[in-house]
Amino acid sequence: MTQTVEMWFDPLCPWAWMTSRWLMEVEQVRDLEVTWSQMSLSVLNEGRDLPEEYRELMDRGWAPVRVIAAARKAHGDEVTKPLYDAIGTRLHLGGERDFVAATAAALAEVGLPAELIGAADTDEHDAFLRESHERAIALVGDDVGTPVISVEDTAFFGPVVSPAPKGEAAGRLWDGCVLVAGTDGFFELKRSRTRDPIFD
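Residues numbered from 1 in each chain as written. Predicted model: local features only at pLDDT ≥ 70, side-chain atom pairs only at ≥ 80, totals over all residues. Heavy atoms only, no water.

J.: Looking at this structure, how should I read the nonpolar core?
T.: The nonpolar side chains of a soluble globular protein tend to be buried, and buried together. Counting residues in hydrophobic clusters, the biggest one holds 51 residues, and the most contacted among them are Val-5, Trp-22, Leu-23, Leu-83, Ile-149 and Trp-174. It is helix H1 (residues 14-29) that provides the largest number of residues to this core, a total of seven residues. With five residues, the next largest nonpolar core counts Val-43, Val-65, Ala-69 and Leu-129 among its residues. (Core = buried A, V, L, I, M, F, W, Y, C linked by side-chain atoms within 4.5 Å. Buried < 20%, exposed > 50% of the residue type's maximum accessible area, 1.4 Å probe, protein only. Helix = DSSP H or I, 4+ residues; strand = E, 2+ residues; numbered from the N terminus.)

Spelled out as structure tokens, the structure:
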């Protein structure tokens, strides 16, 4: 039986990138129908007291999510994942730190109009972005970030994993995540991270 799955991401987050690569592996070994949606660390951290360097990152982080929101509004949800892949590849594999440049190049790669990059500097599509973001937060609460995954009637933050498991190992991790997240009263399973994202 096909499981209906939704994953929310911010293209800036390397851990969400790892989770998305894992979920793509899961799609190969489990019967899933995945919808890719956006949330925003910039939205999540509005009004919070942040270290200066992270505040600067959050300020710059509006550009990619705003452009994705504009692309979704103009061209439909089906552009979300290809655009995420193209932006994320540049940021996480390519090491690009200019988010506007990475997003502009991603638009060209996936064949979307170049003028969409104008959305990076305007709040015109913020209500649309916030609506998607709030759907995720409503499921898991605001003390987590990205990624958020929902499957049927269950939602959870994560998993935070590096490297992303492949093949049947990816499927087993999926089975376990769905099992624990679906347990009534289950809230948290965590340990300290001992490695950075391993992009492979």
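J.: How should I be thinking about the environment of Asp-126 in this particular structure?
T.: Examined against the element boundaries, Asp-126 turns out to sit in helix H7 (residues 126-140). On the basis of relative accessible area, Asp-126 is assigned to the buried category, the value being 7%. Remark: the alpha-carbon pair of Asp-126 and Phe-157, spanning 31 residues in sequence, is separated by 23 Å.

J.: Just checking my understanding: could you explain the pairing of strand S4 (residues 154-157) for this structure?
T.: Side chains on a regular strand alternate between the two faces of the sheet. Only one face of S4 is covered, namely the one carrying Thr-154 and Phe-156; the face carrying Ala-155 and Phe-157 has none of its residues buried. Across four bridges, the pairing between strand S3 (residues 148-151) and S4 is antiparallel. Paired with Ser-150 across the bridge in S4 is Ala-155. Linking S3 back to S4 in an antiparallel pair, the connection comprises two residues, with Glu-152 at a positive phi of about 55°. (Pairing = 2+ DSSP bridges.)

J.: Would you mind going over the packing of aromatic side chains with me for this structure?
T.: The geometry of an aromatic ring pair comes down to the distance between the two centres and the angle between the two planes. Using the criterion set out here, one finds three aromatic pairs in the structure. On the basis of an interplanar angle of 80° and a centroid distance of 5.5 Å, the ring pair of Trp-17 and Tyr-84 is categorised as edge-to-face. Of this pair, Trp-17 sits in helix H1 while Tyr-84 is found in helix H5 (residues 80-93), placing the two residues 67 residues apart along the sequence. Classification of Trp-17 as buried rests on a relative accessible area of 3%. In this structure Tyr-84 comes out as buried when scored by relative accessible area, which is 0%. When the centroid spacing of 5.9 Å and the interplanar angle of 45° are considered together, the rings of Trp-22 and Trp-174 count as tilted. With Trp-22 in helix H1 and Trp-174 in helix H8 (residues 167-181), the pair connects residues that are 152 residues apart, well separated along the chain. This pair shows no difference in class: Trp-22 is buried, exactly as Trp-174 is. Here a set of aromatic residues connected by ring pairs shows up, and it is made of Phe-9, Trp-17 and Tyr-84. Taking the ring centre of Tyr-84 as reference, the NZ or CZ of Arg-21 above it sits at 5.8 Å. Taking the ring centre of Phe-99 as reference, the NZ or CZ of Arg-60 above it sits at 4.1 Å. (Phe/Tyr/Trp six-rings, centres within 6.5 Å; stacked < 30°, edge-to-face > 60°. Lys NZ or Arg CZ within 6 Å of the ring centre and 35° of its normal.)

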